[in-house]
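So you can see what is in the structure, the chains are spelled out below.
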Amino acid sequence: MEENKHVTIYDIAERLNLATSTISRALKDHHTISDKTIKKVKKTAEEMGFVPNTLAAGLRGNKTRTIGVLIPTVTQPFLSSLISGIEITAQKSDYTVIIMQSHDSYEEEVNMAKSLYSNRVSGVICSLAMETRDTAHFHQFSNNNIPLVFVDRVPKGYNTFRVVIDNYTAGYKATKHLIEQGCVRIAHLTAGSELGNLYNERKRGYIEALKDHNIEVEEELIINLNSVTYEDGVKASNALFDLKPIPDGLFAPGDILAVSAIQTAKKRGIKVPEEFKVIGFNNDPISQIIDPNLSTITHPAEKMGKAAADIIIKNLKSSKNDDDAKEITFLNTEVLARESSQK
């Protein structure tokens, strides 16, 4: 694909018929420039999409050979495996990787996106923050032909590349597994906004599995979380265990939530799996450490990272935009049945 021409102070100077030195000083609020000129220059710069280049001035052609990765956190095993896949593929093509964390904050995600753009990254891979409701901050990449790939937590209706799993089918499989183990009152934890459809799709699979097996969907058994943390899981689990009767099963959309449910159950004298069966999601290392071992759904994180980086690199090497295969969906999610859900 053709390299995008970024707006420079020369472009602003030409537009306003002013010297580049005047533009530079105005952007820095220099005391030798009038307030009127400063306002005019800044307004024009914003209209033209000017972003100060924070890289060394000697970079030629803005070819940084850098892929920006914007994710909620590096501490989640799924996301660290995703990064590993990205880096493996990037290094093979002599690209470096910049990693930034939003900590599930929309405001931080916006700031990090601006930072990646100002650092002239060649492409961006992003998994949305939990708080994100709007994706306008990604337009700076799309509008300037900078390849953008959303992974796992992807926005609805954004016309760019996506790498996902079939979350609906995975949620259905997890719930069906609990039903096959004899559960009839299955709880579910969900999270996120309507924008990112990952948790919504897992919830939809959960609901359809219940309906297909003639099990009532009880709203009190579905708890919406603000974030996917151990502490959130403990709070939700205690709410479920306060119900009369308690649920006999739980589909948690992340292993850390499932682990928190198991440990909370133990503290309250509830036997797992005899009285309460649990299945998680991701097959994180902790799923085999917890006692009883956690049943879970596999999630091909590293493969997804490799696929995302491959999309970026192929687009950068291509002489034209290729809108084919906008979405790559991994279908090979499987139930790993372990002690926490067995009869």
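Residue indices follow the written sequence of each chain, beginning from 1 at its first position. Only residues with pLDDT of 70 or above have their local features reported here, since the model is predicted, and side-chain atom pairs are shown and tallied only from 80 upward, although totals for entire chains, interfaces and linings are computed over all residues. Working from all heavy atoms in the structure, the side-chain values ignore hydrogens and water.

Looking up the protein chain in an unreviewed UniProt entry gives the name LacI family transcriptional regulator, with the organism given as Flavobacterium humidisoli.

## Structural notes on the packing of helix 9 (residues 230–241) against helix 10 (residues 255–267)
The line we're drawing: Only the stretch in contact is used when a helix axis is fitted, and all axes are lines through C-alpha atoms; the angle between N-to-C directions ranges over 0 to 180 degrees. A helix here means a DSSP run of H or I that spans at least four residues, while a strand means a run of E at least two residues long, and both kinds are numbered starting from the N terminus. Any angle that falls under 35 degrees is termed roughly parallel, while one over 145 is termed roughly antiparallel, one within 65 to 115 roughly perpendicular, and all others oblique. Each crossing gets its handedness from the near helix: less than a right angle anticlockwise from the far helix is left-handed, clockwise is right-handed. Note on definitions: a residue-residue contact is assigned when non-hydrogen atoms from the two residues lie within 4.5 Å. Polar here means any residue outside two lists: the nonpolar Ala, Val, Leu, Ile, Met, Phe, Trp, Tyr, Cys and Pro, and the charged Asp, Glu, Lys and Arg; Gly therefore counts as polar.
For the pair helix 9 and helix 10, the least separation of the axes is 8 Å and the interaxial angle reads 50°. Viewed along their axes, helix 9 and helix 10 adopt a mutual orientation that is oblique. Read as a crossing pair, helix 9 and helix 10 show a hand that is right-handed. Residues Y230, G233, V234, S237, N238 and F241 of helix 9 touch helix 10, and the partners they reach there are I256, L257, V259, S260, A261, Q263, T264 and A265. For the contact of helix 9 with helix 10, the per-class residue count stands at 8 nonpolar, 6 polar and no charged.

## Digging into the nonpolar core
To keep it simple, the criterion reads: For our purposes a nonpolar core is just a set of buried Ala, Val, Leu, Ile, Met, Phe, Trp, Tyr and Cys residues, chained together by side-chain atoms within 4.5 Å. Each residue is assigned to one of three classes by its accessible area relative to the maximum for its type, calculated with a 1.4 Å probe on protein chains only: buried under 20%, partly exposed between the two thresholds, exposed over 50%.
Counting residues in each nonpolar core, the largest one holds 69 residues, and the members touching the most others are I125, V149, V163, L250 and F276. Beyond its immediate chain neighbours, meaning those up to four positions away, V163 contacts V149, F150, V151, D152, V154, M304, A307, A308, I311, I328 and F330. With 19 residues, the next largest nonpolar core counts L70, M100, F138 and F150 among its residues.

## Structural notes on the pattern of salt bridges
Put simply, the rule reads: Criterion for a salt bridge: a side-chain nitrogen of Lys or Arg within 4 Å of a carboxyl oxygen of Asp or Glu.
In the structure shown here, the tally under the stated rule is 9 salt bridges. With a shortest N-O distance of 2.8 Å, E327 and R162 are connected by a salt bridge. Within this pair, whereas E327 is found in strand 11 (residues 327–330), its partner R162 is found in strand 5 (residues 161–165), the two being separated by 165 residues in sequence. Classification of E327 by relative accessible area gives partly exposed; the value is 39%.

## Focus: the sheet that holds strand 7 (residues 222–225)
Rules: Any two strands with at least two DSSP bridges between them are considered paired.
Here we have 4 strands laid out as an open sheet, ordered 7-6-8-9, and parallel in their pairing. At either end of the open sheet lies a strand with only one pairing partner, and these are strand 7 and strand 9 (277–279). Averaged over all pairs of adjacent strands, the angle between strand axes in this sheet comes to 20°, irrespective of strand direction. Where strand 6 (residues 186–191) lies against strand 7, 4 bridges are found, and the strand directions are parallel. By the bridge assignment for strand 7, L189 is matched with I223. Its contacts with the sheet place helix 8 (residues 198–212) against strand 6, strand 7 and strand 8 (249–251), and it is angled at close to 160° to strand 6. Packing of helix 10 onto the sheet brings it into contact with strand 6, strand 7, strand 8 and strand 9, and relative to strand 9 it is tilted by some 160°.

## Section: helix 5 (residues 106–118)
For clarity, the threshold we go by: What a helix is expected to span follows from its residue count: subtract one and scale by 1.5 Å. Any pair of N or O atoms that falls within 3.5 Å is considered a polar contact. Within protein, one atom must be able to donate a hydrogen and the other to accept it, and sequence-neighbouring residues count only if both atoms are side-chain atoms.
For helix 5, spanning 13 residues, the distance from its first C-alpha to its last is 19 Å, which sits close to the expected 18 Å at 1.5 Å a residue. Restricting attention to buried positions, one finds in helix 5 the residues E109, V110, M112, A113, L116, Y117 and S118. Elements that come into contact with the buried residues of helix 5 comprise strand 1 (66–71), strand 2 (96–101), strand 3 (123–126) and helix 6 (139–142). N-cap assignment for helix 5: the residue whose side-chain oxygen lies 3.3 Å from the backbone N of E107 is S105. Trailing helix 5 by a residue or two, R120 shows a phi angle of about 55°, which is positive.

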